[in-house]
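Commentary on secondary and tertiary structure
Residue-level listing of the chains:
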Amino acid sequence: MTTDSGQQRIGIFDSGVGGLTVLTQLYRQLPNESILYFGDTARLPYGTRTPSEIVEFVREIMAWLVEQDVKMVIMACNTSSALAMEMVQAEFDIPVLGVILPGAQAAVQQGKRIGVIATPATAASNAYRNAILEMDDSCLVWQVSCPAFVPLVEQNRIHDPYTCEVAREYLAPLIQQRIDTLIYGCTHYPLLAPVLRSLLPAGVTSIDPAVRVVAAAARELELLGLRNAGTALPTRFCVSGPPQQFAELSVQWLGCTPAVEKISLPTVLRSPVSLESGE
Ligand SMILES: N[C@H](CCC(=O)O)C(=O)O
């Protein structure tokens with residue numbers, strides 16, 4: 001498929017508005033690049049899904065993004081990066097970046113006592129713990145699963161006093177362990193930064209993996225000769241749920257109301273292996 005004006009976009013996806021924190025970094029660091037954003041809003045939150053559901057969702061999204069002729073994909077979702085990276089690398093022949101490794105790398109360069117707040121699926125996968133310890137086994141890592149955060153952000157309840165109460169509870173064991181670094185292990189969480197920062201001791205550095213993953217994307221585009229020299233096209237926003245809801249929620253971070261399309265993802269056959277395994 002040929003894209004508008006022949007320009008290939010970078011595809012980024014999340015379950016909902018969390019990926020906007022990656023999009024903001026793309027606007028900052030790669031202002032000439034055109035972006036296709038997909039939010040799987042009909043099926044969020046991902047963090048309480050099973051690993052096989054998450055892999056299946058990512059497979060469908062990747063197939064659709066490839067159909068749209070994107071030149072690179074950034075998985076702007078920690079849960080997808082933690083659970084589906086292996087599948088993506090095995091099944092799709094396109095540059096794909098996840099947020100876990102860049103986030104872990106930023107953390108080990110910053111501190112030794114590292115806290116990770118993440119969705120239940122990401123925390124259970126131990127993706128951050130494993131990545132951090134592989135890079136520096138002298139680090140100490142504490143992970144906290146925060147199931148309430150994504151629904152609260154998607155319900156636009158960031159400034160609700162209840163959100164602050166929940167955040168206090170999630171952060172308490174990390175503060176007790178005297179962490180020096182905190183990874184926002186879900187792309188929705190930087191949207192909660194004002195609340196989180198108000199609860200964290202001043203000496204704790206927070207890490208938003210979006211900054212690093214976009215820097216890595218810039219390097220990779222350069223290396224592959226895929227940088228866009230011209231002017232970026234307006235970002236194309238697509239969702240699987242109600243477009244109006246996404247538009248109304250995201251305006252506060254985008255600064256303008258985006259035009260949002262509802263799309264249907266293709267159904268992808270599971271995998272040759274699972275089809276054959278029944279024979
Ligand atoms: N923002 C995503 C997904 C959160 C969810 O839908 O639970 C992440 O980074 O994990």
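Just above sits the structure.
Remember, it's a predicted structure, so these values are computed and weren't measured experimentally.

**Here we look at the pairing of strand 2 (residues 35–39)**
Burial within strand 2 is extensive, with five of its five residues counted as buried. Bridging between strand 1 (residues 10–14) and strand 2 involves five bridges; their strand directions are parallel. If you follow Ile12 over to strand 2, its bridge partner there is Tyr37. Strand direction decides the pairing type here: strand 2 and strand 9 (residues 236–239), joined by four bridges, are parallel. Opposite Leu36, over in strand 9, you have Arg236 as the bridge partner.

**Describing the sheet that holds strand 6 (residues 140–145)**
Read across the open sheet, the four strands follow the order 6-5-7-8; overall the sheet is parallel. Each of the sheet's edge strands pairs with one partner strand only, and the pair in question is strand 6 and strand 8 (205–207). Across the sheet, the axes of successive neighbouring strands diverge by a mean angle of 20°, strand direction being ignored. Against the sheet, helix 6 (residues 127–135) touches strand 5 (113–118), strand 6 and strand 7 (181–185), its axis set at about 170° to strand 6.

**Examining the site of the ligand**
What surrounds the ligand is a group of 13 residues, the closest being Ser15, Tyr46, Gly47, Asn78 and Thr79. Contact distances for the ligand include 2.8 Å between a nitrogen atom and a side-chain N or O atom of Asp14. One of the backbone nitrogen or oxygen atoms of Asn78 is found 2.7 Å away from an oxygen atom of the ligand. Isolated, the ligand exposes 300 Å² of accessible area, and the fraction of that covered by the protein chains is 99%. Looking at the shell around the ligand, its residues break down into five nonpolar, seven polar and one charged.

**Looking at the packing of helix 1 (residues 20–29) against helix 10 (residues 209–224)**
To characterise two packed helices, one gives the angle between the axes of the helices and the distance between these axes. Relative orientation of the contacting elements helix 1 and helix 10 amounts to 50°, with a least axis distance of 9 Å. Here helix 10 runs oblique to helix 1, going by the angle between their axes. Helix-helix and strand crossings are classified by hand; for helix 1 and helix 10 the assignment is right-handed. For the pair helix 1 and helix 10, contact is made by Thr21, Val22, Gln25, Leu26 and Gln29 and by Ala210, Val211, Val213, Val214 and Ala215, respectively.

**Focus: the pattern of salt bridges**
Taken as a whole and assessed by the stated rule, the structure comprises ten salt bridges. Between Lys71 and Glu33 there is a salt bridge, with the nearest N and O atoms lying 2.7 Å from each other. Linking Lys71 in the loop between helix 2 (51–67) and strand 3 (72–75) with Glu33 in the loop between helix 1 and strand 2, this pair joins segments that are 38 residues apart in sequence. Two residues, Glu261 and Arg236, come together in a salt bridge whose shortest N-O distance is 2.9 Å.

**Some points on unusual backbone geometry**
Of all residues except glycine, most have a negative phi; of all peptide bonds, most are trans. Here Leu44 and Pro45 are connected by a cis peptide whose omega angle stands at 0°. Relative to the elements of secondary structure, Pro45 occurs in the loop between strand 2 and helix 2. With a phi angle near 65°, Asp69 is a residue other than glycine that sits in the positive phi range. Secondary-structure assignment places Asp69 in the loop between helix 2 and strand 3. A positive phi angle, near 60°, is found at Asn156, a position not held by glycine.

Scoring rules and cut-offs
Residues numbered from 1 in each chain as written. Predicted model: local features only at pLDDT ≥ 70, side-chain atom pairs only at ≥ 80, totals over all residues. Heavy atoms only, no water. Buried < 20%, exposed > 50% of the residue type's maximum accessible area, 1.4 Å probe, protein only. Helix = DSSP H or I, 4+ residues; strand = E, 2+ residues; numbered from the N terminus. Pairing = 2+ DSSP bridges. Axes fitted to C-alpha atoms, helices over the stretch in contact; angles between N-to-C directions. Contact = heavy atoms within 4.5 Å. Near = heavy atom within 4 Å. Polar contact = N/O pair within 3.5 Å; in protein donor to acceptor, adjacent residues only side chain to side chain. Areas by Shrake-Rupley, 256 points an atom, 1.4 Å probe, with all protein chains shown as cover. Nonpolar A, V, L, I, M, F, W, Y, C, P; charged D, E, K, R; others polar. Parallel < 35°, antiparallel > 145°, perpendicular 65-115°, else oblique. Left-handed = near helix turned anticlockwise from the far one by under 90°. Salt bridge = Lys/Arg side-chain N within 4 Å of Asp/Glu carboxyl O.

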